[in-house]
Amino acid sequence: MKELVALSTQDRIRAIRDLPVSFQEKKHIRCVLHHEYDKLYIKSARQSLELWQGTLKEIGGKFGSSVLSYFLFLKWLLMFNVFSFLINFGFITIPLLVHGPSPSNVTFRGLEILTGAGYFAHTVLYYGSYSNQTLLEPVEYDMQLSYFFTIAVFMVLCKITLIYSMSKSFQENYVPADSSSSSAWLLLTGWDFTVINEKAVRQRKDNLRESLSESAQSELLTRSEKLKHFGVHLGCWILSTGLAVGCGAGVYFLCQYEQKTLLVPFVVSLFNLVIPLFYSLFNKFEVYSSQRSQIYTLVGRNVLLRMVILGVLCHYWMDVVAENFQCWESRVGQALYRLVLFDFFFLMLGSLFGEFLSNVIGTKLLLHLGVPEFDVARNVLDLIYSQTLAWIGIYFSPLLPVMQMIKLFILFYIKKVSLIQNCQPPRRSARAAQMQTIFIFLLFFPFFLGALSVVAYTAWSLSPSEQCGPFRGLNKTFSVIESWMEDVDELQGSRWAAWIYQNIILSQIFFFLVTLIVLVIIYVFWQVSQGRKELIGLLKQQIVNEGKDKSFLLDKLQKLQSSRKKNLKRKKKKRVGHAGPAESRGGGRRSVGPGPPTEPRSVRLQRPHSGHAGPTAGAE
Amino acid sequence: MGNKQTIFTDEQLDAYQVSLFVRLSSRLHGRYHELAPHLVPMDYTNEPDCKLPLALIVNMPELKENPFRNRIVESFSEDGQGNLSFNEFVDMFSVLSEMAPRELKAIYAFKIYDFNVDNYLCKEDLEKTLNKLTKEELTPEEVELVCEKAIEEADLDGDNKLSFADFENMISRAPDFLSTFHIRI
């Protein structure tokens, strides 16, 4: 150990000594290094505590970055649910448990785990058993307000996190469309150095070769072929939309059996499992111009299917269940519980069929299919869908994130084992960074916003049930805020808060003005980006011109030098005995290539200059 | 990183490289030692001058399957032959780690692909890169076509070869570069 420490200091001192910079700078660098050391200790301590760090490295090493992105996404969603569980449990459930839960007179039978009803119906799992009183001991705690605000704050925090990640991901990973499948790009940036497994490397080489040879043979399509492709695309879109609508109608018809049987969650999960297989089948008949549009189409159709099914279910809950049942929120919560549970079963089943059976079929029966790949897009969509269910369910069943947490945790290990046993690395280098942006965008835009609007609609327009839950007796859930604001108004010190509420939050003019301002700002930014695009075009042209200038000047220099040499030789022949040094003019045509540094640490890095003729040897 | 180019001054890049070096050196000494236990001393206080040959380093499990393993080791060695001292060994893994900034990685990626070490990626360099990547299974016409297309697309100043500026421009449009030009150790 002592030698290692000695080594570090020795090397550090030597390294600093080697830098050709001033003494002051070296002192500054030494300070910086001390900071870096401290940061390093903290970072390595934190990394050893992070969940699944070793497994993720293993997966990334064997299967590359796009499969790794699925598992990172799963971990990210798990964090959401952990956070949600903590705040829900802390702010809503614990006060209720302290106060003393309402007694239940139903005995526990095993079936409840499957249906979520029965014994569970009166526990803290569902909305119905939360009280609407203001607890007085040990501290004054308004249950109504706390329920409302906990859910609201959680949703707002989720929204901010999603918007932030989405914009950061978009900013980092924006790639202009023209460069994505060009030869140069594939050649120079296509190799994934993280892959170190021999079989995986061989596979990657084969795939790269295929992509390169495909792009080398560019075919020109005739007009009739283009029309034919378009027709096939249109047909497939009509078919897939028809399928989605058909599924929605089927679910709507079956909803009447929702309260008595487990048919609805079963059928919903079955549709979610089977219909995407049809979509992949359609995919095989269609011809796409690029791989990117293929993935987008597939993802788009799957999203449409799930949105239709979720829309039908929500409509049923909001319209039919809310009108016809006592304590309808608990019933909706139970329906969601069942959906989440069945989704979990079918995800495991999907792993079985999608990966294990495909592997068996591919290697033993139909050998031309080969080992299956891990379908990242489909699996990520499954994750997004299950997270949407959890988000919708937060209002109706505050402890639903617990189930989601357990589900995601187990799913990680199942998928990992299935991946390692059954799948090969993906054939094309599906650009992981871009897919990541798309996934976060999908998570936010239809799914999270949809869940948010369902919860918001419930809180704003629907009347809560009268006999159970924290909002019993109120006309609308939102009236909680109104009555609270009236209370606040009476307190002398916080009149300003009530004033803000009355005149800003409730007024329509304020929101109108804000929208207008935001639209103006968007327009300004859009114009700026258009201007920048033009500037980029101009600058590219300028680079080309400078290159031409450079070669022109080099030619001229060469001619000048050769003519000077001739002149000099002629002069020498004329003047007899004149011992003039036969100068070879300077470095002549020295290499003007702007190059990267050759010495790692001791030489200043040479920034590339777009140069005119550099050599100083007598250019005129 | 990405489209928003962070501009480091030269001193900052140097200092950053030094700090990267320091972070990894204690961890990597064990690995360096086990490559040749009889050659590499455990005690570095006298600054011994030992270099490991290319053949030993290229057999490390992290490099064994990489098609560019020879070029990687050569571009980090001072003599250009692939004999690495411990400092150069740590340099190599620190540039290839996830902590190195984009500029540094671009510089070394350019060096790795530059087979004839003339500070340009000319057509021969690209052809050699392609052959290493595809195990020489493309026909010569396809190889020629791909390399010509590559130069056509990436060359900005019209001299029929890729300078470092062209290469860096290409890299700036590849957001995956930071994560793919990375070897875990």
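As the structure is a computational prediction, the values presented were derived from the model and not from experiment. (Residues numbered from 1 in each chain as written. Chains lettered and ligands numbered in written order. Predicted model: local features only at pLDDT ≥ 70, side-chain atom pairs only at ≥ 80, totals over all residues. Heavy atoms only, no water.)

Once that is clear, we can look at the UniProt feature "domain: EF-hand" (unreviewed entry) in chain B. As recorded in UniProt, the feature "domain: EF-hand" (unreviewed entry) lies at residues 101–136 and 142–177 of chain B. This span, residues 142–177 of chain B, is 64% helix and 0% strand, and a straight line between its end C-alpha atoms measures 25 Å. (UniProt positions renumbered as here; feature names shortened; annotations may be inferred. Helix = DSSP H or I, 4+ residues; strand = E, 2+ residues; numbered from the N terminus.)

It is worth spelling out helix 12 (residues 328–365) of chain A at this point. Taking 1.5 Å per residue, 38 residues should reach 56 Å; helix 12 of chain A reaches 51 Å between its end C-alpha atoms and fits that length. The sharpest bend along helix 12 of chain A comes to roughly 30°, located at Leu-357 of chain A. (Expected span 1.5 Å × (residues − 1). Bend = angle between axes of the 7 residues up to and from the residue.)

A separate point is a negative patch on the surface. On the surface, a cluster of negative charge is contributed by Glu-482, Glu-486, Asp-487 and Glu-490 of chain A. If you trace the backbone, Glu-490 of chain A turns up in helix 16 (residues 479–490). (Patch = residues over 30% accessible without salt bridge, like charges linked within 9 Å, V, L, I, M, F, W, Y side chains within 5 Å. Areas by Shrake-Rupley, 256 points an atom, 1.4 Å probe, with all protein chains shown as cover. Salt bridge = Lys/Arg side-chain N within 4 Å of Asp/Glu carboxyl O. Lys, Arg positive; Asp, Glu negative; His and termini not counted. Charge placed at Lys NZ, Arg CZ, Asp CG, Glu CD.)

Residue position: Tyr-252 of chain A is located in helix 9 (residues 223–254). When neighbours within four sequence positions are excluded, Tyr-252 of chain A is seen to be in contact with Val-312 and His-315 of chain A. (Contact = heavy atoms within 4.5 Å.)

Residues and elements named next belong to chain B. Taking 1.5 Å as the rise per residue, helix 6 (residues 123–134) with twelve residues should run 16 Å; its terminal C-alpha atoms sit 16 Å apart, in good agreement. If you check which residues of helix 6 are buried, you get Asp-125, Leu-126, Thr-129, Leu-130, Leu-133 and Thr-134. Each buried residue of helix 6 lies within a common arc of 150° when the element is viewed along its axis, so the set occupies one face. Remark: Lys-135 follows helix 6 within two positions and exhibits a positive phi of approximately 55°. (Buried < 20%, exposed > 50% of the residue type's maximum accessible area, 1.4 Å probe, protein only. Arc of directions from axis to C-beta.)

Residue and element names in this part refer to chain B. Where helix 5 (residues 102–113) meets helix 8 (residues 164–172), the axes come as close as 10 Å, and the angle between the chain directions of the two elements is 120°. In terms of orientation, helix 5 lies oblique with respect to helix 8. For the pair helix 5 and helix 8, the sense of crossing is right-handed. Two secondary-structure elements touch here, helix 5 through Arg-102, Glu-103, Ala-106, Ile-107, Ala-109, Phe-110 and Tyr-113 and helix 8 through Phe-164, Phe-167, Glu-168, Ile-171 and Ser-172. (Axes fitted to C-alpha atoms, helices over the stretch in contact; angles between N-to-C directions. Parallel < 35°, antiparallel > 145°, perpendicular 65-115°, else oblique. Left-handed = near helix turned anticlockwise from the far one by under 90°.)

Turning our eyes to something else, we now look at the pattern of salt bridges. Enumeration over the complete set of coordinates arrives at ten salt bridges over all chains. Across the pair Arg-301 of chain A and Glu-286 of chain A runs a salt bridge whose closest N-O atoms are separated by 3.3 Å. Here Arg-301 of chain A, found in helix 11 (residues 291–324), pairs with Glu-286 of chain A, found in the loop between helix 10 (263–285) and helix 11; they are 15 residues apart in sequence, far enough to count as distant. Like Glu-286 of chain A, Arg-301 of chain A is buried. Ionic pairing is found between Asp-489 of chain A and Arg-495 of chain A, a salt bridge with its closest N-O pair at 3.3 Å. The class of Asp-489 of chain A is partly exposed, set by a relative accessible area of 31%. The class for Arg-495 of chain A is partly exposed, based on a relative accessible area of 42%. Residues participating in the shared-partner salt-bridge network are Arg-31, Glu-34 and Glu-62 of chain B.

The next subject is the packing of aromatic side chains. Residue and element names in this part refer to chain A. Applying the stated criterion to the full structure yields 42 aromatic pairs over all chains. Here the aromatic rings of Tyr-127 and Tyr-395 are separated by 5.7 Å at their centres, their planes lie at 40°, and the arrangement is tilted. Within this pair, whereas Tyr-127 is found in the loop between helix 5 (112–115) and strand 1 (134–135), its partner Tyr-395 is found in helix 13 (residues 376–396), the two being separated by 268 residues in sequence. By relative accessible area, Tyr-395 is classed as buried at 4%. For the ring pair Phe-149 and Trp-484, a centre distance of 5.5 Å and an interplane angle of 75° mean the geometry is edge-to-face. (Phe/Tyr/Trp six-rings, centres within 6.5 Å; stacked < 30°, edge-to-face > 60°.)

Residue and element names in this part refer to chain A. As a packed pair, helix 3 (residues 53–63) and helix 4 (residues 65–99) sit with axes 7 Å apart at the nearest point and diverge in direction by 155°. As far as their axial angle goes, helix 4 and helix 3 are roughly antiparallel. Here Gln-53, Leu-56, Ile-59, Gly-60 and Phe-63 of helix 3 come into contact with helix 4, specifically with Ser-65, Val-67, Leu-68, Phe-71, Leu-72 and Lys-75. For the contact of helix 3 with helix 4, the per-class residue count stands at seven nonpolar, three polar and one charged. (Nonpolar A, V, L, I, M, F, W, Y, C, P; charged D, E, K, R; others polar.)

Bringing the nonpolar core into the picture now. Formed by 110 residues in total, the largest nonpolar core has its most connected members in Tyr-70, Phe-73, Leu-313, Trp-317 and Leu-336 of chain A. A total of 15 residues in this core trace back to one element, the largest contributor, which is helix 11 of chain A. Each residue touching Leu-313 of chain A, except ones within four places of it in the same chain, is listed here: Val-251, Cys-255, Val-264, Val-268 and Leu-339 of chain A. Leu-187 of chain A together with Ala-100, Leu-162 and Ile-183 of chain B belong to the second largest nonpolar core, which has 68 residues in total. (Core = buried A, V, L, I, M, F, W, Y, C linked by side-chain atoms within 4.5 Å.)

For Ser-240 of chain A, the location among the structural elements is in helix 9. Apart from residues no more than four positions distant in its own chain, Ser-240 of chain A is found in contact with Tyr-279, Phe-282 and Arg-301 of chain A.

A separate point is the confidence of the model for chain B. Residue and element names in this part refer to chain B. Taken over all residues, the pLDDT of chain B has a mean of 80, while the share at 70 or more is 90%. With pLDDT under 50 throughout, residues 1–5 is counted as low confidence; its partners more than four residues away or in other chains account for 13 contacts. The ipTM value of the predicted complex is 0.73, and its pTM value is 0.69. (pLDDT = per-residue confidence, 0-100.)

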